[in-house]
Amino acid sequence: MDADSDVALDILITNVVCVFKTRCHLNLRKIALEGANVIYKRDVGKVLMKLRKPRITATIWSSGKVICTGATSEEEAKFGARRLARSLQKLGFQVIFTDFKVVNVLAVCNMPFEIRLPEFTKNNRPHASYEPELHPAVCYRIKTLRATLQIFSTGSITVTGPNVKAVASAVEQIYPFVFESRK
Amino acid sequence: VEDAHYAQQQLVCASCGCVLAEGLLTTTYTEEEQLREVTYSHSTGQREQQSRCLQRGIRRVQDLCKVLQLPGSFEETAVSYFQRAFQHPSFHLVSLEKKELLGGCCVFVTCRQHNWPLTMGTICSLLYAKQEHFANVFLSLQKELELSVPALSLAELVKTQLSSFQLFQPEAAIPAQFVEDKEMMVTRTMQLVELASQTWLVTGRHPVPIVTAAAFLAWQSLQPSTRLTCTLGQFCKLGGTPLPPPAHLRLKELLEILLRMAAQLAWLRVFHLDKKSVVKHIGDLLQHRIFQKKENEKEKKKEKEKEKEKEKEKEKEKEKEKEKEKEKEECGEGSLEGQGKRKSKQSRLRPLLPPCLINPRKRPRAAAPSAADSGVSGEEPISDTELEQYLRDPEEIRAL
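Computed from a predicted model, the values in this text were never measured in an experiment.

Rules used throughout
Residues numbered from 1 in each chain as written. Chains lettered and ligands numbered in written order. Predicted model: local features only at pLDDT ≥ 70, side-chain atom pairs only at ≥ 80, totals over all residues. Heavy atoms only, no water. Helix = DSSP H or I, 4+ residues; strand = E, 2+ residues; numbered from the N terminus. Rg over C-alpha atoms; globule rule 2.2 N^0.38 Å. Buried < 20%, exposed > 50% of the residue type's maximum accessible area, 1.4 Å probe, protein only. Contact = heavy atoms within 4.5 Å. Areas by Shrake-Rupley, 256 points an atom, 1.4 Å probe, with all protein chains shown as cover. Lys, Arg positive; Asp, Glu negative; His and termini not counted. Charge placed at Lys NZ, Arg CZ, Asp CG, Glu CD. Core = buried A, V, L, I, M, F, W, Y, C linked by side-chain atoms within 4.5 Å. Domains from an automatic or database assignment. UniProt positions renumbered as here; feature names shortened; annotations may be inferred. Axes fitted to C-alpha atoms, helices over the stretch in contact; angles between N-to-C directions. Parallel < 35°, antiparallel > 145°, perpendicular 65-115°, else oblique. Left-handed = near helix turned anticlockwise from the far one by under 90°. Nonpolar A, V, L, I, M, F, W, Y, C, P; charged D, E, K, R; others polar. Pairing = 2+ DSSP bridges. pLDDT = per-residue confidence, 0-100. Phe/Tyr/Trp six-rings, centres within 6.5 Å; stacked < 30°, edge-to-face > 60°. Lys NZ or Arg CZ within 6 Å of the ring centre and 35° of its normal. Buried area = accessible area lost by both parts, 1.4 Å probe. Salt bridge = Lys/Arg side-chain N within 4 Å of Asp/Glu carboxyl O. Polar contact = N/O pair within 3.5 Å; in protein donor to acceptor, adjacent residues only side chain to side chain. Expected span 1.5 Å × (residues − 1).

Enquirer: Help me understand the overall build of chain A in this model?
Expert: Of regular secondary structure, chain A possesses 4 helices and 10 strands. Computed over C-alpha atoms, the radius of gyration of chain A comes to 20 Å, more than 25% over the 16 Å expected from 2.2 N^0.38 for 183 residues, which places it beyond the range of a compact globule. In terms of principal-axis extent, the alpha carbons of chain A reach across some 60 × 35 × 25 Å. Considering chain A as a whole, with its 183 residues, one finds that 49% of them fall into the buried category. Counting only contacts in chain A whose residues sit at least 6 apart along the sequence, the fraction spanning at least 24 positions is 60%. Counting only carbon and sulfur atoms, one obtains 49% of the accessible surface of chain A, whose full area is about 9000 Å². In chain A, which carries 27 positive and 16 negative side-chain charges, the distance between the mean positions of the two groups comes to 15 Å.

Enquirer: Help me understand the nonpolar core, please; the structure alone is not making it clear to me.
Expert: One broad trend across soluble globular proteins is that nonpolar side chains are buried collectively. Ile60 and Ile151 of chain A are the most contacted members of the largest nonpolar core, which totals 56 residues. Per-element tally for this core: the top contributor is helix α4 (residues 164-180) of chain A, with 7 residues. When residues of this core are assigned to domains, at least three fall in each of domain 1 (15-102) and domain 2 (110-179) of chain A. Core analysis: the next-biggest nonpolar cluster, separate from the first, contains 49 residues, Leu162, Phe165, Ala196 and Leu232 of chain B among them.

Enquirer: What is the right way to read the UniProt feature "domain: BRF2-like C-terminal" (unreviewed entry) in chain B from this model?
Expert: According to UniProt, the positions carrying the feature "domain: BRF2-like C-terminal" (unreviewed entry) are residues 153-290 of chain B. Within residues 153-290 of chain B, the helical portion is 62% and the strand portion 0%, while the C-alpha atoms at the span's ends are 21 Å from each other.

Enquirer: Is there a simple way to explain the domain arrangement of chain A in this structure?
Expert: One can read the domain layout of chain A as domain 1 (15-102) and domain 2 (110-179). Distance from the C-alpha centre of domain 1 of chain A to the C-alpha centre of domain 2 of chain A: 33 Å.

Enquirer: What exactly am I supposed to notice about the packing of helix α2 (residues 52-67) of chain B against helix α5 (residues 96-113) of chain B here?
Expert: Helix-helix packing: each pair is described by the crossing angle between the helix axes and the interaxial distance. Residues and elements named next belong to chain B. Remark: α2 packs on α5, axes separated minimally by 9 Å, with the N-to-C direction vectors making an angle of 40°. In terms of their interaxial angle, α2 and α5 are classed as oblique. Here α2 and α5 pass one another in a crossing that is right-handed. For the pair α2 and α5, the contacting residues are Cys53, Arg56, Arg60, Val61, Leu64 and Cys65 in the first and Leu96, Lys99, Glu100, Gly103, Gly104 and Val107 in the second. Along the lines of polarity and charge, the residues of the contact of α2 with α5 split into 6 nonpolar, 2 polar and 4 charged.

Enquirer: Can you walk me through the sheet that holds strand β6 (residues 98-110) of chain A in this structure?
Expert: Residue and element names in this part refer to chain A. In spatial order, the strands read β2-β3-β4-β5-β1-β6-β10-β9-β8-β7; together these 10 strands make up an open sheet with antiparallel pairing. Strands with a single pairing partner mark the edges of an open sheet, and in this sheet they are β2 (38-41) and β7 (128-129). Running at roughly 140° to strand β10 (residues 156-161), α4 makes contact with β1 (11-21), β6, β8 (138-142), β9 (147-151) and β10 of the sheet.

Enquirer: How should the confidence of the model for chain B be read in this particular structure?
Expert: Note: predicted coordinates in regions of low pLDDT should not be interpreted at a detailed level. The predicted model of chain B averages 79 in pLDDT, with 77% of residues at 70 or higher. Scored below 50 in pLDDT, residues 329-350 of chain B shows 14 contacts in the model against residues more than four places distant or in partner chains.

Enquirer: Quick question: what am I supposed to make of the packing of aromatic side chains here?
Expert: For any pair of aromatic rings, the description rests on two quantities: the centre-to-centre distance and the angle between the ring planes. All names here are of chain A. Scanning the entire structure with this criterion turns up 16 aromatic pairs over all chains. Directly above the ring of phenylalanine 93 sits lysine 30, whose terminal nitrogen or CZ lies 5.3 Å from the centroid. Against the face of phenylalanine 179 rests arginine 182, its NZ or CZ located 4.1 Å from the ring centre.

Enquirer: Got a minute to help me understand the interface of chain A and chain B in this structure?
Expert: The accessible area lost on association of the parts is a frequent measure of interface size. Listed as interface residues are 42 residues of chain A and, on the opposing side, 49 residues of chain B. Taken over both partners, the interface formed by chain A and chain B buries close to 3900 Å², and the fraction arising from carbon and sulfur atoms is 56%. The three residues of chain A that bury the most area against chain B are Arg83, Glu133 and Lys183 of chain A, which together make up 18% of that side's buried surface. Where chain A packs against chain B, one counts 2 salt bridges. Between arginine 112 of chain B and glutamate 133 of chain A there is a salt bridge, with the nearest N and O atoms lying 3.8 Å from each other. Across the contact surface, chain A and chain B share 4 residue pairs in polar contact (both at pLDDT 80 or more). Of all elements in the fold, only β1, α1 (28-34), β3 (46-51), α2 (74-90) and α3 (117-123) of chain A reach the threshold of two or more residues within the side of chain A that touches chain B. Tallying contributions element by element places α2 of chain A first for the side of chain A that touches chain B, with 9 residues. Each residue belonging to the side of chain A that touches chain B can be placed in one class, and the counts come to 16 nonpolar, 9 polar and 17 charged.

Enquirer: Got a minute to help me understand α5 of chain B in this structure?
Expert: Residue and element names in this part refer to chain B. An ideal rise of 1.5 Å per residue puts 26 Å on 18 residues; α5 measures up with 26 Å between its terminal C-alpha atoms. Counting buried residues along α5, 13 of its 18 residues qualify, which places the element largely inside the surrounding structure. Backbone geometry just downstream of α5 places asparagine 115 in the positive-phi region, at approximately 60°.

Enquirer: Would you mind showing me how to read the pairing of β9 of chain A here?
Expert: Here is the key point about a regular strand: its side chains alternate between the two faces of the sheet. Residues and elements named next belong to chain A. With 4 of 5 residues buried, β9 is to be regarded as a mostly interior element. When β8 meets β9, the two strands line up antiparallel, connected through 5 bridges. Residue tyrosine 140 lies in a different strand from β9, and its bridge partner there is leucine 149. If you look at the hairpin formed by β8 and β9, you'll find 4 residues sitting between the two strands, and arginine 146 has a positive phi there, around 55°. With 4 bridges joining them, β9 and β10 adopt antiparallel strand pairing. Looking at β10, one finds that glutamine 150 is bridged to threonine 158. Where β9 hands over to β10, the hairpin turn is made up of 4 residues, of which glycine 155 adopts a positive phi near 100°.

Enquirer: For this particular structure, what's the right way to read the environment of lysine 53 of chain A?
Expert: Mapped onto the elements of the fold, lysine 53 of chain A is located in the loop between β3 and β4 (56-61). Each C-alpha atom, one on lysine 53 of chain A and one on leucine 9 of chain A, is 28 Å from the other, the two residues being 44 residues apart in sequence. When near neighbours in sequence (up to four residues on either side) are disregarded, lysine 53 of chain A contacts Arg83 of chain A together with Tyr390 of chain B.

Enquirer: In this structure, what is going on with the environment of arginine 205 of chain B? I would like to understand it.
Expert: Its place among the elements puts arginine 205 of chain B in the loop between α9 (182-198) and α10 (207-222). Relative accessible area serves as the criterion here: at 18%, arginine 205 of chain B is assigned to the buried category. Between the C-alpha atoms of arginine 205 of chain B and asparagine 136 of chain B, which are 69 residues apart in sequence, the distance is 19 Å. Dropping the residues within four chain positions of it, arginine 205 of chain B is found in contact with Pro132 of chain A together with Trp200, Ile210, Arg250, Glu253 and Pro355 of chain B.

Right under this line is the structure:
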């Protein structure tokens, strides 16, 4: 196996977190009363609303800030956020869908080989941090992409980054280093 | 003459000192003209002398080093790290509890840098701290001071852990047949730990349970006839050490590896070994492992040389093929055969996978349809009927 040869790796996006603002005050009690699939957390001052399609959970604050989690692509996240904004509009609020931004993307990728973590850590200091007493995986940070990778000995890699492009670049960057330390 | 007593202006007689007239007490910060309050952090006092907090922290670091019986050079290094961290903005204004943890982290980092086998569990128990808090402070210390912290040395950990066992000297509570020679036990435990690290049992796991399980197997294998009936829990009790919960699982995994090794050896296959009886042959298996390792290294070198030769031959043939169109791929067939042999050898050399791959608990993830497949662009219109499912009927609202 040669690190330079083309290897098709499946990067599975498991979660996309996005935020948007409604630019108006939201009455959480009204949303809790009139909205379906809603959980009102009065003590923390937020409402959780779950959409079925796309499968998204939205956290709504009375200031008008909304965080959506659970989407499996950036487009799905935007669609879900817009759907939520429309639902709030239907409830009677003067919602304006603004400041939409994808904040975090979580993806999983499987390498076709096992990885020797102590060797990998030795070869990749200071970016790699491996403390088996704390966590079974190596934590590798790429500052330029603002991405963090968790590399397990089984070859499974969990990547978090600000967007899908950064996540894909992070996997591309890590592959040769991980390939060096394969079993 | 004009005088001032704290914030109050006064007119005082110069000869007798009687207060002749008093001014108003100032009520706001802006009205105060004299003796403005200056916080300690803005004054020069903290630069001129060590604060009490820093002195207390340094004393705590020194005490920890004495309790752990560390060499003098470790203490100096740990104190210097603590002083550096204390001045750093991330640690200067934190809680006292965190400052105490910071001292412990400095000692921990110093030990790791000198290959001194101090575990997080030990230092957390000395500090009466939760491991997650300690971990947070440790990781931020490593990041802020840019310290290089090498991995925990398993070999040193084995020696330290075994020295805490009370099985090397005859005592009233310990039967004579359970007492063991320390050197032999250390050697055999190290071999078992090395075997565990080569067979994916150490990567990503806590090191102490592995050492406990290896020590137990080593102790049993040195006199199996009298010790096979003793369990892991009893062994730890006799030795006077706590039994870490994952040790049972590590013991089970180690025994499975040993059984697999035994199945590869012709003279042991005859015995139909199980988890109890394989303990008697651990010595032979470990010796054979060392021999096998050397053989594997020799074979790998030979294969690499063969591969290089074949690559050179292939390159020469490719050049010939360019010149001549028709040629038999004899060498190609030969290389295929060689590849087949290599694969079978590799399968023999590499039969082992991490335990979680052999016994997967998680269901394999089904790939979610990609955005292109599902045709979602994010900008599609949303019909009212789709939204009705998220809104309650007026009757439901009235019922609520």
